[in-house]
Amino acid sequence: VVEEYSEVARHYRIKETVGSGGFAKVKRAVHLPTGEIVAIKIMDKAALGSDLPRVKTEIEAMKNLHHHHICRLYQVIETSRKIFMILEYCSGGELFDYIVQRDRLSEGESRTFFRQIVSAVAYMHNLGYAHRDLKPENLLIDDEQNLKLIDFGLCAKPKGGMSDHLYTCCGSPAYAAPELIAGKSYMGSEADLWSMGVLLYALLNGFLPFDDDNIGMLYRKIKAGKYDTPDWLSPDSLILLKQLLQVDPKRRITVDKLLNHSWITNDIGVPVEWHSKHQMSVLDEDVVTEMSVHRKVSRETMKAELEKWNYDYLTAAYFLLLKKKTSGRPVRLQ
Ligand SMILES: CN(C)C[C@H]1CC[C@H](N2C(=O)N(C)Cc3cnc4ccc(-c5cc(Cl)c(O)c(Cl)c5)nc4c32)CC1
């Protein structure tokens, strides 16, 4: 097994396992050249079996998704038996656990988190992607209390654009839209907005709007679209939940309408900014300098290499040095 890890071990010191999701194991690791902490998602190709396409989907999607509320992919290492995804580390764990620990969140804290989710989803939808598995387990918290969206194994980029209908039923039942569980053709973006309604309900209440141990009963409740409204919910919260948890997808609010919705801007005053803060087209001069000096090549050569975006050790070093720079740490390679 050692030779399987030799490539990874060249640039990373692998630490403890921090979790496992289905067919993957996630470990904490240190990126040796920068000292930055990363998460490494490790998958065994043989064990993946029919799930291998899902991993390829996630990798291809994450290579195109660069947003401060989407978990960043730094590098992909594929050996004869394994696939390693080097990812942005999120020290705060899952939003799911955060809610459970607090019973439920205040409207203000729910708004802070929900705005970040809206920002990530608006970015994805405007790029033509639908996530299709939005839930608190797939939202991680980083060391600055920012949410990072993960798990793009089910995300779809319909060939014919966002108006194209999808057919594969997927995601987690409690968060699945009525049209999706009815087996009808559906729009990924519309299904995402329903899941965001379930997410907002979970933030504000600490429990799910539609829940039942019996899957048939659960589906009936989702299709009926009726949910409890505890007395701590404000009138504005009830209005927004009603617009998100619309059984008819054509009457459901769209993410663009969410950006400046009164509940979203309440107490904050400004609409949600969804454009990415990460400029991919322009390389950071300081990072290019450090990397070209460290590798003793010209800046032009280093720029040409970086602009291939191979998601190799150069891509990882670039992103991690850039992360150090934006966090105010020295842009240095060891
Ligand atoms: C239950 N889930 C379906 C999987 C679970 C696996 C551990 C993970 N984690 C944890 O559970 N901590 C407690 C620590 C932790 C820290 N940083 C992480 C950074 C990235 C990821 C990650 C995991 C998966 Cl399966 C992905 O596809 C992507 Cl794109 C990213 N997981 C992290 C992670 C949270 C999710």
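Residues numbered from 1 in each chain as written. Predicted model: local features only at pLDDT ≥ 70, side-chain atom pairs only at ≥ 80, totals over all residues. Heavy atoms only, no water.

Caption draft 1: Representation of the overall build of the protein chain in the model. Broken down by element type, the protein chain carries 14 helices and 7 strands. Here the C-alpha radius of gyration of the protein chain, 21 Å, is about what a compact globule of 334 residues would show, namely 20 Å. The dimensions of the protein chain, computed from C-alpha atoms along their principal axes, are 65 × 45 × 40 Å. Burial statistics for the protein chain: of 334 residues in total, 50% are counted as buried. If you take every contact in the protein chain between residues at least 6 apart in sequence, the share linking residues at least 24 apart comes to 63%. (Helix = DSSP H or I, 4+ residues; strand = E, 2+ residues; numbered from the N terminus. Rg over C-alpha atoms; globule rule 2.2 N^0.38 Å. Buried < 20%, exposed > 50% of the residue type's maximum accessible area, 1.4 Å probe, protein only. Contact = heavy atoms within 4.5 Å.)

Caption draft 2: Structural context of the pattern of salt bridges. Counting across every chain of the model gives 23 salt bridges. Two residues, E285 and R299, come together in a salt bridge whose shortest N-O distance is 2.2 Å. With E285 in helix α12 (residues 285–294) and R299 in helix α13 (residues 299–306), this residue pair connects regions lying 14 residues apart in the sequence. Exposure remark for E285: the relative accessible area of 39% places this residue in the partly exposed category. Between E285 and K303 there is a salt bridge; the shortest N-O distance is 3.3 Å. A residue pair is termed long-range when its members are at least 10 positions apart, and E285 in helix α12 and K303 in helix α13 qualify at 18 residues. Each of E88, D142, K148 and K323 takes part in salt bridges that share partners, so that together they form one network. (Salt bridge = Lys/Arg side-chain N within 4 Å of Asp/Glu carboxyl O.)

Caption draft 3: Structural view of helix α8 (residues 215–224). Taking the backbone nitrogen of G216 as reference, a side-chain oxygen 2.7 Å away marks N214 as the first, capping residue of α8. Of the residues trailing α8, G225 is marked for its positive phi of about 65°. (Polar contact = N/O pair within 3.5 Å; in protein donor to acceptor, adjacent residues only side chain to side chain.)

Caption draft 4: View of the nonpolar core. L95, F114 and M291 are the most contacted members of the largest nonpolar core, which totals 100 residues. The element that contributes the greatest number of residues to this core is helix α7 (residues 188–205), accounting for 10 residues. (Core = buried A, V, L, I, M, F, W, Y, C linked by side-chain atoms within 4.5 Å.)

Caption draft 5: Main features of the environment of G93. In this structure, G93 sits in the loop between β5 (82–88) and α4 (95–102). Looking at G93, the relative accessible area reads 28%, which means it is partly exposed. C-alpha of G93 to C-alpha of F207: the two residues are 114 residues apart in sequence and 19 Å apart in space. The contact partners of G93, leaving out residues within four places of it in the chain, are L139, L140 and I141.

Caption draft 6: A look at the sheet that holds β5. Here 5 strands make up an open sheet; going across it, the order is β1-β2-β3-β5-β4 and the pairing antiparallel. Edge positions in the sheet fall to β1 (12–21) and β4 (73–78), since each has one partner strand and no second. Across the sheet, the axes of successive neighbouring strands diverge by a mean angle of 25°, strand direction being ignored. As paired strands, strand β2 (residues 24–31) and strand β3 (residues 36–44) are joined by 8 bridges and run antiparallel to one another. Among the inter-strand pairings, A29 is bridged to a residue of β3, identified as V38. Most of the contacts of helix α3 (residues 52–64) go to β5, to which it runs at about 35°, and overall it touches β3, β4 and β5. Against the sheet, helix α14 (residues 313–326) contacts β1, β2, β3, β4 and β5, and its axis sits at roughly 155° relative to β4. (Pairing = 2+ DSSP bridges. Axes fitted to C-alpha atoms, helices over the stretch in contact; angles between N-to-C directions.)

Caption draft 7: Broad picture of unusual backbone geometry. Despite not being glycine, R132 shows a phi value in the positive range, around 70°. Structurally, R132 can be placed in the loop between α5 (107–126) and β6 (139–141). The backbone of D267 sits at a positive phi, close to 65°, despite the residue not being glycine. Within the secondary structure layout, D267 lies in the loop between α11 (262–265) and α12.

Caption draft 8: Molecular detail of the site of the ligand. Lining the immediate environment of the ligand, one finds 17 residues, of which K41, E58, E88, C90 and L140 sit closest. One of the side-chain nitrogen or oxygen atoms of K41 is found 2.8 Å away from an oxygen atom of the ligand. Of all the elements in the fold, those that place two or more residues in the shell around the ligand are β1, β3, α3 and β5. The biggest single contributor to the shell around the ligand is β1, with 3 residues. (Near = heavy atom within 4 Å.)

Caption draft 9: Region of the structure containing the confidence of the model for the protein chain. Mean pLDDT for the protein chain: 93, with 96% of residues reaching 70 or above. Predicted complex, confidence summary: ipTM 0.98, pTM 0.94. (pLDDT = per-residue confidence, 0-100.)

Caption draft 10: Focus on the pairing of β1. Bridge analysis of β1 against β2 gives 7 bridges, and the strand direction is antiparallel. Residue pairing for β2: T17 is matched across the bridge by K27. Taken together, β1 and the strand that follows it, β2, pair antiparallel across an intervening segment of 2 residues, in which G22 is found at a positive phi of about 60°.

Caption draft 11: Molecular detail of the packing of aromatic side chains. Applying the stated criterion across every chain yields a total of 12 aromatic pairs. A ring pair is formed by F114 and W263, whose centres lie 6.1 Å apart and whose planes are at 80°; its orientation type is edge-to-face. Of this pair, F114 sits in helix α5 while W263 sits in helix α11, and the two are 149 residues apart along the sequence. Judged on exposure class, the residue F114 and its partner W263 are both buried. Note on Y311 and F319: the rings are 6.2 Å apart at their centroids and 50° apart in plane angle, and the pair reads as tilted. For Y311, a relative accessible area of 3% corresponds to the buried category. Aromatic ring contacts, followed pair by pair, group Y74, W309, Y311, Y318 and F319 into a single cluster. Over the ring of W232 we find R104; its NZ or CZ atom is 3.8 Å from the centre of that ring. Sitting over the ring of W263, R111 keeps its end group 4.5 Å from the ring centre. (Phe/Tyr/Trp six-rings, centres within 6.5 Å; stacked < 30°, edge-to-face > 60°. Lys NZ or Arg CZ within 6 Å of the ring centre and 35° of its normal.)

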